[in-house]
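# Chain and residue survey
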Amino acid sequence: MHRLGGSVVSSPDASSTSATKGETVADTVRVVEHYADILVLRHSSDGAARVASNFSKAPVINAGDGSHEHPSQTLCDLYTLYREKKSINNLTVYISGDLKNGRTVHSLVYGLALFGAHILFGPAQGLELPQHVQLRLSEEFPGGQVGIPATHGHAQAADLPIDVVYQTPSGAHQLALLPGVSGQIDIRQQLDQIDVFYMTRFQRERSPAGSQTTYPVVDRAFLNKPKFKGTSVLHPLPRVDELGYDLDSDPRGAYFRQAAYGVPVRMALLAGLLGIEKVLDAEPPAAKYRVYSQSLGIRCGNDRCITNSDSERRHLKCQFELLGRRQMTLRCVYCDHEVVPAVVGNKKTKAYDFLSTALGQPKNLESVVFFKDENEARAAGFERGHVAMGATQRSSTAGRV
Amino acid sequence: MHRLGGSVVSSPDASSTSATKGETVADTVRVVEHYADILVLRHSSDGAARVASNFSKAPVINAGDGSHEHPSQTLCDLYTLYREKKSINNLTVYISGDLKNGRTVHSLVYGLALFGAHILFGPAQGLELPQHVQLRLSEEFPGGQVGIPATHGHAQAADLPIDVVYQTPSGAHQLALLPGVSGQIDIRQQLDQIDVFYMTRFQRERSPAGSQTTYPVVDRAFLNKPKFKGTSVLHPLPRVDELGYDLDSDPRGAYFRQAAYGVPVRMALLAGLLGIEKVLDAEPPAAKYRVYSQSLGIRCGNDRCITNSDSERRHLKCQFELLGRRQMTLRCVYCDHEVVPAVVGNKKTKAYDFLSTALGQPKNLESVVFFKDENEARAAGFERGHVAMGATQRSSTAGRV
Amino acid sequence: MHRLGGSVVSSPDASSTSATKGETVADTVRVVEHYADILVLRHSSDGAARVASNFSKAPVINAGDGSHEHPSQTLCDLYTLYREKKSINNLTVYISGDLKNGRTVHSLVYGLALFGAHILFGPAQGLELPQHVQLRLSEEFPGGQVGIPATHGHAQAADLPIDVVYQTPSGAHQLALLPGVSGQIDIRQQLDQIDVFYMTRFQRERSPAGSQTTYPVVDRAFLNKPKFKGTSVLHPLPRVDELGYDLDSDPRGAYFRQAAYGVPVRMALLAGLLGIEKVLDAEPPAAKYRVYSQSLGIRCGNDRCITNSDSERRHLKCQFELLGRRQMTLRCVYCDHEVVPAVVGNKKTKAYDFLSTALGQPKNLESVVFFKDENEARAAGFERGHVAMGATQRSSTAGRV
């Protein structure tokens, strides 16, 4: 912003803000939008940037929200790939480390898929890519193939809608593997060529204390084989020990160049949002799913979601996208976590019934209430009875707008 | 300041400043005045801004000092009233909530009185307007009427100099009521029309821990009656729960517009102080009272006063305005709290005597020392004896410059 | 920087930076150098600025590193002396207070010596100037005389290479005395005239808790004698109680003027480093000593040295200047502390031997490893044997480049 000639009012320490007085993100945003032409928010809760964006008249940039996403970092990452490799299409990108909590990864994978890269996952044990990210990747970025070895215990392949994603004919842009890594990266035998390593830092502050995860390390020894001669190593920084200092002076270590590209990329983003340069699409992409929102019933199950924070839950209704799956699935619009309600109720008759795939999708989302289970429905004053969904049978495109 | 084209050096976190190394406000100001053309100070001690102003060559803006005052917020509040209601004169403003610790109220009441508004107080139980603010309002802003119901225990009406303020003939600009609110606002029956609600946040961080005050809430239900159809609701923000979120989308909720007006109002204030725009009077108002200051004797009784802070008391002498009341009363020039000395001494003879109304006001404030009580006088080496005040009998204007 | 028309990105609170995520100074610098044209670093570890400078492409200003140095403050101090006294040459500057931890002093003494001032030391008991600073002052700034009273226990005069420094004929520019001050400044009897007092604040946060040092105080009473009529009192600020508030209104109190000079002096420094104004030498002074650096063997003995910090020791090799003394002495290039190895080894033969003055200086610093003692050598896999230093006998200029 300074390089663009603008000024910045920043509040790096949350404890100096009104948030410590119990102020909600929604309120903060409606005050500071008058002081600034653009807002950049970094927040500890998943989905905080979406809340800010919903309430702000000024554009909001998500500079990292909890362990959810970090899209502006992804712009830097993609631009770095483009500068280092001339093209992202058909690059094979192996993502190693903490894929569970690392928010940069949760944005990067979609970006890579959009540009036609192949993705390989090398998570530390217990730090695998969250299932909802895997699912979204396979459902909404269908230009690729996802391979999940059955040996990898946590990857409940049976839960995946692989009939839709696996068999997309448009090309093999994505190859998602979840190799059996227990602190050791044994991906070396599986691949002839890896173009780019994207190491992520172990998110110490977001993992349970005392967790004993052995963490994969990338250093010169790891990159010793001839096939890694032209491999680039990226890292969102800061690093601790997962990235060898011996790569600092190695031309393959691209992470400080990557940090440098952060300046022009963020200048472009700011200039685009402020209307100085025409670098962004005029319109955001159209909504893919119908949105369900009721003040009672099921809530997002992610503890770190902004809708579950002490301050925001005072005023913020949950909102979910109704995914077009055989099993009724709701995706939180704030944090992207998924919940599967077991019970549906009718707001007028106060009757509830168990959801079954035979019921199909509800026609009118205003009249129904989804519940996690029978107890939640009863606690809300509903009684067992007939609930008409008022809809045709579910089809594979149901749920789409 | 940014919108005016200037730059800002800010220090939002006091723990990053030299204050943590024991530096006084007076010293900090004498360093930073060389780095800036204007100083804006927010501080946890009552009266800190006055100390800064006394020592700084650059203009100082008080951005809130302890629970004392917050005058720049009052400028925003008054401007909001003007924009919402076209005029402040004859508006009836009901101030509800924490009137004891809420520094915005302690500045607002004087501003409202100056512009001819009627003020109604609806404090939460135990959070009534401080007595010294009530007294100043009635003594120095005499264009109104103050009604104190005898049923309200804490309002010791007998202590008030109501002969001066109550009976001013110039007009009914102020109507200060202190209704019996115990967590419930029953002001509704007392008034036909309230033009503006000014809700204040419960100052959690400034109230004794574990205090169980029930706090009045303003929301749509509260404003349900037809007479509140055109009522505006203001709030200095941040809010917690005392202001219903259902007012956010209600046109009567003016608090986010109020926050927005903060930008042009503060631009005007800065421009005026920097001499860019002629928006301020060239001269501050003349002093109303004689000032008393001795390095020994009575001190300000307000624990949160800057003169009682660990750092400032090393170098800062207490200073008091000598109020023209029947009973000798000293008002701290820093925090506005009042003290009533029981004993007066003569600096030369080291004699002290009890103050009595018969003594009148001292002619020469340099030669006398006031003490809280006999013990304080004795501890300072004074002995009981005759003290000549050297003045005529007290009159109602005594103490005025 | 603002006055020069530039912008500033600041990070006043270390807990808001990536340092709390375990990032090294070297990494931080290699990220932020892309965001700024110049870096200003204040850090809690001795030598942090040197690390930053080694890794940054942008110029680095040391704004205080641990208790090591504070050179930009020295520029302000020297400029203040120049403005107050018209010349620094032949000024007698008495430095009083905490000379051990006060980093401003560790830079000031060299500056004073360069400009030909006489320096007198009045440390509080136990807070004497570190020995390595005394030694450097006498060895590298030879244009003066250093007088160390033998009565002062800690000043181990026998350790000093006084044959070189004491007897330099070029002039009496420095007169370093270490009077026997036990919380009392008895320097008054020793001198006819003191031109400038440079008081330093007791570095409470850097001294052992519970230390009972009585601290010298400078106030009007202290400056009561006629010979102090024209004495200037300087202080780097913030002060606590070691400097009387009664000097604030005394023309001899120059410390707020000194603070004010900080603005133009730092403007000049920034302008010079950015190439806007030609105020700096194009080239830094040539290296005086050979540099020794091995990844095994002796380490810097200063606990607060950046090479001993948890984060930096992961990647940072110790580096030492080989001082030209009779006894082999290594000076840490980061924090300037000195270590004296007892043992030397040969990297190839893995033999070690005790150092003796007869061995002389090693010819090839690549082939030798210095160890603190025999245990350290053995722990590193070395065995007692013959080590050829491959050098001529030590001369007084050995070690010089």
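Residues numbered from 1 in each chain as written. Chains lettered and ligands numbered in written order. Predicted model: local features only at pLDDT ≥ 70, side-chain atom pairs only at ≥ 80, totals over all residues. Heavy atoms only, no water.

For the rest of this paragraph, the subject is the interface of chain A and chain C. Facing the 19 residues of chain A at the interface are 19 residues of chain C. Taking both partners together, chain A and chain C bury about 1700 Å²; carbon and sulfur atoms supply 52% of that area. Our count for the chain A to chain C interface comes out at two salt bridges. Residue Asp248 of chain A is joined to Arg30 of chain C by a salt bridge in which the shortest nitrogen-to-oxygen separation is 3.0 Å. Remark: the boundary between chain A and chain C carries six residue pairs in polar contact (both at pLDDT 80 or more). Grouping the constituent residues of the side of chain A that touches chain C by class yields nine nonpolar, two polar and eight charged. (Contact = heavy atoms within 4.5 Å. Buried area = accessible area lost by both parts, 1.4 Å probe. Salt bridge = Lys/Arg side-chain N within 4 Å of Asp/Glu carboxyl O. Polar contact = N/O pair within 3.5 Å; in protein donor to acceptor, adjacent residues only side chain to side chain. Nonpolar A, V, L, I, M, F, W, Y, C, P; charged D, E, K, R; others polar.)

Another point: the relation of the copies chain A and chain B. Taken as rigid bodies, chain A and chain B are interconverted by a rotation of 120° and an axial shift of 0.1 Å, the fit giving an RMSD of 0.0 Å. Viewed as a symmetry operation, the transformation between the two copies matches a three-fold axis. A distinct binding surface is used by each copy, with only 5% of the interface residues of chain A retained as interface residues in chain B. (Least-squares fit on C-alpha atoms with pLDDT ≥ 70 in both.)

Take the interface of chain A and chain B next. Taken residue by residue, the interface counts 19 residues in chain A and 19 residues in chain B. Roughly 1700 Å² is buried in total at the junction of chain A and chain B, and carbon and sulfur atoms are behind 52% of that figure. Summed over the shared surface of chain A and chain B, the result is two salt bridges. Ionic pairing is found between Asp37 of chain A and Arg3 of chain B, a salt bridge with its closest N-O pair at 3.4 Å. Counting across the chain A and chain B interface gives six residue pairs in polar contact (both at pLDDT 80 or more).

Here the focus is the packing of aromatic side chains. Residues and elements named next belong to chain A. A complete count under the given rule lists 18 aromatic pairs over all chains for this structure. With 5.0 Å between their ring centres and 65° between their planes, Phe371 and Phe382 make a pair best called edge-to-face. You can see Phe371 sitting in strand β15 (residues 368–371) and its partner Phe382 sitting in the loop between α8 (374–379) and β16 (383–384), a full eleven residues away along the chain. Each member of the pair Phe371 and Phe382 is classed as buried. Its guanidinium or amino end placed over the ring of Tyr110, Arg136 lies 5.4 Å from that ring's centre, counting from NZ or CZ. When the ring centre of Phe141 is taken as reference, the NZ or CZ atom of Lys288 above it lies at 6.0 Å. (Phe/Tyr/Trp six-rings, centres within 6.5 Å; stacked < 30°, edge-to-face > 60°. Helix = DSSP H or I, 4+ residues; strand = E, 2+ residues; numbered from the N terminus. Buried < 20%, exposed > 50% of the residue type's maximum accessible area, 1.4 Å probe, protein only. Lys NZ or Arg CZ within 6 Å of the ring centre and 35° of its normal.)

Our focus in this paragraph is unusual backbone geometry. For residues besides glycine, phi is generally negative; the peptide bonds are generally trans as well. All names here are of chain A. Here Leu237 and Pro238 are connected by a cis peptide whose omega angle stands at 0°. Inspection of the secondary structure assignment puts Pro238 in the loop between β8 (232–234) and α7 (255–273). Despite not being glycine, Leu237 has its phi angle at roughly 60°, a positive value. Relative to the assigned elements, Leu237 resides in the loop between β8 and α7. A relative accessible area of 14% means that Leu237 is categorised as buried.

Remember, this is a structural readout, not a statement about activity or role.
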